[in-house]
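The residues making up each chain are set out below.
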Amino acid sequence: MEEMFEFRLHGRGGQGIVVAASIFAEAVFLDGYYARAFSLFGAERRGAPVTAFIRAGKNRLMPRSRIYNPDYIVVFDSSLNMDTSMAGLKEGGTLLINSGEEDSGDLVINTEVDANFKVYTVNATGIAWKHNLAVGSFPMVNTVMLGAMGAISGLASLDSLVISIKKRVTAKLDANISAAAEGYDSVKEVERLVT
Amino acid sequence: MAYELMSGSQAAAVAVQRVGVDLVAAYPITPQTAIVETLANFEGKGELGGEFVSVESEYAALACCYGAAAAGARVFTATASHGLAYMHEMIHWCSGARVPIVMVNVNRTIGAPWSLDPDQGDSLSQRDTGWMQIYCSGAQEVLDTVMQAFLLSEELLLPCMVVFDGFYISHTYEAVDVPDLEKTRKFIGPPPFTAQVQPEKPANIHALITGDMQADLVRNRHETMLRAPAVFKEINHRFAETFGRSYGVIDSVMPPGTKKVILAAGATAETVRWTLPELEQTGMVQLRMFRPFPREDLCNLFEAHDIEQVVVIDRNCSTGMGGILAQELQAAVYGMEKPPAVKDIILAGGIDLTPEMLVKALTETASLDKVEQKWGVDLR
């Protein structure tokens, strides 16, 4: 089979992960890959767990199934059940998590997954607050996470992400672009601490 | 080429806008809502060309389309699942009245209980209503097929349903080549049919008739629909000359030495196509046209390749009999000199089909006897 990269995004209703998946797919497409974004729907409501998927590759043909063994798992909200979020991560895969806790050396990932995987963190909640990106008390972390996803995967440049954000984001556009750039620049690999 | 990233639902709406219709009447229902939203946005920006009618129900949507089509208008509607079921009486009426209508149905399981996954039983259970049905496996195919469906429907004066899976296509964003507006309008041309209702010629239409008269009409409708594969191929021939793409009533991939074929309709066909390189001596058929059932095309293909076995992916189940595509196929190959054995994998409930499940299914269906079915949920 042709090389294909699979992402699974875990977040909560209201965090914009469905929109984030389509923005990322468009940026990947602008950078020369075919890409698809789709999501799992239930009864949509703010705060409920939401899953979105992205496939990217040089071949336009791709399977139309959900993603059970992703190359990348992206967690928008660290209070989600990590076993559910981490299920099926590929050996050698990558976890990107929205967390500010590694600064104090406290990032602990509770998971049953026994694959070797890399861990990257970005303080998306902190960056979102800094750029005044919130709906009420609910920080909108999706553009920060997009920047970080582009940086760690190398599949979407910041320029392409910005073009794509401009097409799909209307509110607080400048702040969202700055937030994506800060996510792109500040995402970092951390030691994996597992209990 | 003007590629844009859009969902299958948006692709359907863009096709309608490119074709140019006089009237859209539709009622939103998950997972079809984005079609209605996108068309309403076109109208809001003055780009729809025709009138968008907000109706109070799906029944009213199709009744409204019927009335407008009888008056000579080019019309479009879209629905899903319970919405399609609610239209049922009007679905029969429109084909009996011989008005051209294009309707998109986005597959979603019919309750109870409430469910959102893309079981194809909603549209397949409308198979005897006199509508043509074409199933699509991706957003580009949706856009192109909706455009072509207008020509097919207007040529045969029979309504046409374009069908695709909820979420797997309706909510999947992917690259779609969007045809130029002027080029599309030139290709499609104005509606060629005559209005049944003409104010200057008052008449009572579809009044009470005898069974003998009805029999003539039913035969005519049936024989007309049997012309659909030939007309569809001719439309695709011209479509390819203008847009560089074309589709068949069935689309097959037959690697050398193929003895076994997987048959699928809709989104799962693409998963089959992706998995094919992993399977030995196995080919695939994407069933695009379901009504009329492309009996001749299928039998010719199986005969030309000496196919011994067809494994059908049925994202539906007719309770008390099994998968609907498998039943139709059994009937179609009956009478062949060497009919292939038909095996059936049932993905009722619209459950997910992964490449891994498909590989497993092919091993496990090999030993099934003639009437056994393999349940998709047992393949996980």
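The model shown is predicted, which means the values in this text are computed figures rather than measured ones.

Reading the values: rules and limits
- Residues numbered from 1 in each chain as written.
- Chains lettered and ligands numbered in written order.
- Predicted model: local features only at pLDDT ≥ 70, side-chain atom pairs only at ≥ 80, totals over all residues.
- Heavy atoms only, no water.
- Helix = DSSP H or I, 4+ residues; strand = E, 2+ residues; numbered from the N terminus.
- Rg over C-alpha atoms; globule rule 2.2 N^0.38 Å.
- Buried < 20%, exposed > 50% of the residue type's maximum accessible area, 1.4 Å probe, protein only.
- Contact = heavy atoms within 4.5 Å.
- Areas by Shrake-Rupley, 256 points an atom, 1.4 Å probe, with all protein chains shown as cover.
- Lys, Arg positive; Asp, Glu negative; His and termini not counted.
- Charge placed at Lys NZ, Arg CZ, Asp CG, Glu CD.
- 1 Å grid on protein atoms, 1.4 Å probe; cavity = no way out; pocket = protein on both sides within 12 Å on 5 of 7 lines; lining within 4 Å.
- Points joined across faces, edges and corners; volume = space filled by probe spheres on them.
- Nonpolar A, V, L, I, M, F, W, Y, C, P; charged D, E, K, R; others polar.
- Buried area = accessible area lost by both parts, 1.4 Å probe.
- Salt bridge = Lys/Arg side-chain N within 4 Å of Asp/Glu carboxyl O.

Trainee: Which residues make up the overall build of chain A, and what are the values?
Mentor: Helices and strands together make up the secondary structure of chain A, namely 6 helices and 9 strands. For 195 residues, the compact-globule estimate of 2.2 N^0.38 gives 16 Å, and the C-alpha radius of gyration of chain A, at 15 Å, lies within 12% of that figure. Expressed as a percentage of the 195 residues in chain A, the buried residues total 56%. For chain A, restricting intrachain contacts to residue pairs at least 6 apart in sequence, the fraction spanning at least 24 positions comes to 68%. Counting only carbon and sulfur atoms, one obtains 49% of the accessible surface of chain A, whose full area is about 8,300 Å². Between the averaged position of the 19 positive side-chain charges in chain A and that of its 22 negative side-chain charges there is a distance of 10 Å.

Trainee: I'd like a description of empty space enclosed by the protein, backed by residues and values.
Mentor: Rolling a probe over the atoms, with the probe sized like a water molecule, indicates the empty space that remains. Taken as a whole and assessed by the stated rule, the structure comprises 3 cavities of 30 Å³ or more. In this structure, the largest cavity spans a volume of roughly 60 Å³. Together, R36, F38, R55, P63, R64 and S65 of chain A together with Y168 and T172 of chain B line the largest cavity. Taken together, the residues of the lining of the largest cavity break down into 3 nonpolar, 2 polar and 3 charged.

Trainee: Go over the interface of chain B and chain A with me, naming the residues and quoting the values.
Mentor: Across the boundary between the two partners, chain B contributes 28 residues, which contact 24 residues of chain A. Summed over both sides, the interface between chain B and chain A buries roughly 2,400 Å², with carbon and sulfur atoms accounting for 61% of that surface. By the criterion of area lost to chain A, the three top residues of chain B are L5, Y173 and W274 of chain B, representing 32% of everything that side buries. Along the contact surface separating chain B from chain A lie 5 salt bridges. For E270 of chain B, the salt bridge identified is with R36 of chain A, shortest N-O distance 2.4 Å.

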